Amino acid sequence: MLRIHRVYLMAVLTDTYGDVPYFEAGKALYGGSATPAYDSQEDIYNDFFKELGECIGILMKGNNDAVTGDVTAYGGDAKAWAKYANSLRMRYAMRISDVAPEKAKAEFEKAVADTCGYISSNAENATITYIDGPFTLYDGARDLDFRVNALGEMLYGQDSDSPTFVSATLFNRLNDRKDPRLYRICRHYLNPKRSAVKADDAWNVDVTEEVVAYQNSDKGDGPHPCDIGAAWWHNWVNAPANEDIPTLARLVNMYPEVGFDQSNYNARMMRPFLSIQLEKAECPGILMTSTEVKFLLAEAITKGWNVDGSIEFYYKAGIRDAMEMLNQYYKIKAITEEEIQDYLNSTTTEGVSPESIKEMINYEAWILHLMNPAEGWANLRRSGYPTLENRYNYPRWTSDFTYDDDDLTTPVRLKYPNLEAKYNKANYEKALQKLGGTDDWHHRVWWDTEPDHVTPLNP
């Protein structure tokens, strides 16, 4: 099980940076090198398939005793872990499908045929279990507590001035498609008094229905998600009169000292926030889901790989699982069966070109991976979809932000951590030579051969 999770973690690292220490990494404590060599991403991926295959074999041959200490939803179930490993094999096979198509096809078909099975329902999803405890990244915390969801904590922010907003890219796509997930993912809040320790409902006052009603009224002018690269205060949106948002008027009267209509909290309220229900400490950590597997199966069929079933079946079953997963994992207003069916009726892969099907599948995967951002970014680069807004069509806000890169195209990797140049200098410099001598955000990793899709440059 630890070998499987090491594959997962190393995949995040190599997908983020490209070549990284792998075969010699993490062994200094046991007599290995403290300056491990950087291995090629191709060699690393080949070892992933070897490791996952071996682990599946070991788990399937073992007894049925549960393994103690498992912090995932599997509770130490060896057969469940085998399904998870096999599903990861499908993910990584699809990842290399453009650069090593024959290897990808062989590994994917091997996974499909394996008797251990793969994740096929939300009940089998691979998730990390967290507790409902206080956040500990905030200023002044004495101890770190890794039993709470750190991604949720980072997205929530450490004070009342640092919540997460939803950009126009996601908001407009959901809104244009009448996607029922829109106001499950996005909410409007009044929160000058919100807790730094917990994503609490009490002082993240939800005024979504009132704000949306105002925006759609004669007084309003529609929604105002944040533009690409902009903070919430850019392209200023005026706050409504207090009486236009009844909850705002009530709170100002009840707690005049809090300042609900001061310091622009009432203007900030007009921007869609990321729902705090997705940021709570106890929200599960997403590793892999049945929705992702179904989307992988659908795309595999478009490539002519040996997969039973139809593209339409896996595409729509994946969307259904994605919506039902939101209901299951987050304390949102449940997406109804009628809403799910209406959305499914509005989309079909039948009679659509293979490239358009690829776009449809990976657009849905992009929404799915909202709470698994490393995988979301990796799949965006691998597939080239969805089409993103052209950053050059939007201004730079130089009075508020520092820009140290004139290339505004979407990053395709991250720079290596700065300390690598200090503690592993020789191997770091060898890795830089493979990048052409410059460590930046714009050198594609080995498997990334698909051009990014962006909107046209404005004339």
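On a predicted model such as this, the values are computed, not experimentally measured, just so you know. (Residues numbered from 1 in each chain as written. Predicted model: local features only at pLDDT ≥ 70, side-chain atom pairs only at ≥ 80, totals over all residues. Heavy atoms only, no water.)

Caption draft 1: Representation of helix α11 (residues 290–302) within the structure. Taking 1.5 Å as the rise per residue, α11 with 13 residues should run 18 Å; its terminal C-alpha atoms sit 19 Å apart, in good agreement. Of all 13 residues in α11, 12 are buried, a share of seventy percent or more. Those residues of α11 not exposed but buried are Ser290, Thr291, Glu292, Val293, Lys294, Phe295, Leu296, Leu297, Ala298, Glu299, Ala300 and Ile301. Glycine 304 sits one or two residues past α11 and shows a positive phi near 85 degrees. (Helix = DSSP H or I, 4+ residues; strand = E, 2+ residues; numbered from the N terminus. Expected span 1.5 Å × (residues − 1). Buried < 20%, exposed > 50% of the residue type's maximum accessible area, 1.4 Å probe, protein only.)

Caption draft 2: Representation of unusual backbone geometry within the structure. Across the junction of tyrosine 385 and proline 386, the peptide omega takes the value 5 degrees, indicating a cis bond. In the Ramachandran plot, lysine 178 falls in the positive-phi region, its phi being about 50 degrees despite a non-glycine side chain. The residue asparagine 264 is not glycine, and still its phi comes out positive at about 65 degrees. Note that asparagine 264 resides in the loop between α9 (246–254) and α10 (265–268).

Caption draft 3: Highlighting the side chain of asparagine 149. Secondary-structure assignment places asparagine 149 in the loop between β3 (126–128) and α5 (150–156). A distance of 3.0 Å separates a polar atom in the side chain of asparagine 149 from the backbone nitrogen of glycine 152. A distance of 2.8 Å separates the side chain of asparagine 149 from the backbone oxygen of cysteine 283, its partner in a polar contact. (Polar contact = N/O pair within 3.5 Å; in protein donor to acceptor, adjacent residues only side chain to side chain.)

Caption draft 4: Summary view of the pattern of salt bridges. Scanning all chains against the criterion turns up 37 salt bridges. The salt bridge partner of lysine 103 is glutamate 107, with a shortest N-O separation of 3.0 Å. Here lysine 103 and its partner glutamate 107 are both found in helix α4 (residues 101–113), four residues apart, which amounts to about one turn of the helix. A residue is classified by how much of its surface remains accessible, and glutamate 107, at 5% relative accessible area, is buried. A salt bridge links arginine 320 to glutamate 324; the shortest N-O distance between them is 3.2 Å. Of this pair, arginine 320 and glutamate 324 are both found in helix α12 (residues 311–329), four residues apart, which corresponds to roughly one turn of the helix. What makes glutamate 324 partly exposed here is its relative accessible area of 31%. Linked by salt bridges that have partners in common, Arg3, Asp47, Lys50, Glu51 and Glu54 make up one network. (Salt bridge = Lys/Arg side-chain N within 4 Å of Asp/Glu carboxyl O.)

Caption draft 5: Region of interest: the packing of aromatic side chains. Counting across every chain of the model gives 24 aromatic pairs. Ring centres 5.8 Å apart and planes at 45 degrees place the aromatic pair tryptophan 232 and tryptophan 236 in the tilted group. Judged by its relative accessible area of 15%, tryptophan 232 is buried. A relative accessible area of 40% places tryptophan 236 in the partly exposed class. With centroids separated by 5.2 Å and ring planes inclined at 70 degrees, the aromatic side chains of phenylalanine 313 and tyrosine 314 adopt a geometry described as edge-to-face. Look at tyrosine 314 and you get buried, because its relative accessible area is 11%. Of the aromatic side chains, those joined through ring pairs into one cluster are Tyr22, Phe23, Tyr45, Phe48, Tyr92 and Trp446. Above the ring of tryptophan 377, the side-chain terminus of arginine 381 is found at 3.9 Å from the ring centroid. (Phe/Tyr/Trp six-rings, centres within 6.5 Å; stacked < 30°, edge-to-face > 60°. Lys NZ or Arg CZ within 6 Å of the ring centre and 35° of its normal.)

Caption draft 6: Just the packing of helix α2 (residues 41–61) against helix α3 (residues 78–95), in detail. At a minimum axis separation of 9 Å, α2 and α3 run at an interaxial angle of 160 degrees. Relative to α3, the element α2 is oriented roughly antiparallel. Seen from above, α2 lies across α3 with left-handed handedness. Where α2 abuts α3, its residues Tyr45, Phe48, Phe49, Leu52, Gly53, Ile56, Leu59 and Met60 lie against Ala78, Lys79, Trp81, Ala82, Ala85, Asn86, Leu88, Arg89, Tyr92, Ala93 and Arg95. Here the contact of α2 with α3 is built from residues that sort into 14 nonpolar, two polar and three charged. (Axes fitted to C-alpha atoms, helices over the stretch in contact; angles between N-to-C directions. Parallel < 35°, antiparallel > 145°, perpendicular 65-115°, else oblique. Left-handed = near helix turned anticlockwise from the far one by under 90°. Contact = heavy atoms within 4.5 Å. Nonpolar A, V, L, I, M, F, W, Y, C, P; charged D, E, K, R; others polar.)

Caption draft 7: Summary view of the nonpolar core. Core analysis: the largest hydrophobic core is formed by 94 residues, its most contacted members being Ile4, Phe48, Tyr84, Tyr92, Phe108, Tyr330 and Tyr416. It is α3 that contributes the most residues to this core, 11 residues altogether. Grouped together as the second largest cluster of nonpolar side chains are 14 residues, Leu190, Val211, Ile245 and Leu248 included. (Core = buried A, V, L, I, M, F, W, Y, C linked by side-chain atoms within 4.5 Å.)

Caption draft 8: View of the packing of α11 against α12. Following both chains from N to C, one finds α11 and α12 inclined at 160 degrees, their axes separated by 8 Å at the closest point. Comparing their axes, α12 and α11 come out roughly antiparallel. Note that α11 runs across α12; the crossing there is left-handed. Taken together, the residues of α12 that come into contact with α11 (itself represented by Ser290, Thr291, Lys294, Phe295, Leu297, Ala298, Ile301 and Thr302) are Ile311, Tyr314, Tyr315, Ala317, Gly318, Ile319, Asp321 and Ala322.

Caption draft 9: Spotlight on the environment of aspartate 218. For aspartate 218, the location among the structural elements is in the loop between α8 (208–215) and α9. Each C-alpha atom, one on aspartate 218 and one on tryptophan 446, is 53 Å from the other, the two residues being 228 residues apart in sequence.

Caption draft 10: Structural view of helix α15 (residues 373–383). α15 sits mainly inside the fold: nine of its 11 residues count as buried. For α15, the set of buried residues is Glu375, Gly376, Trp377, Ala378, Asn379, Leu380, Arg381, Arg382 and Ser383. Here the buried face of α15 lies against α1 (2–17), α3, α11 and α14 (354–368). With its phi angle positive at about 85 degrees, glycine 384 sits one or two positions after the end of α15.

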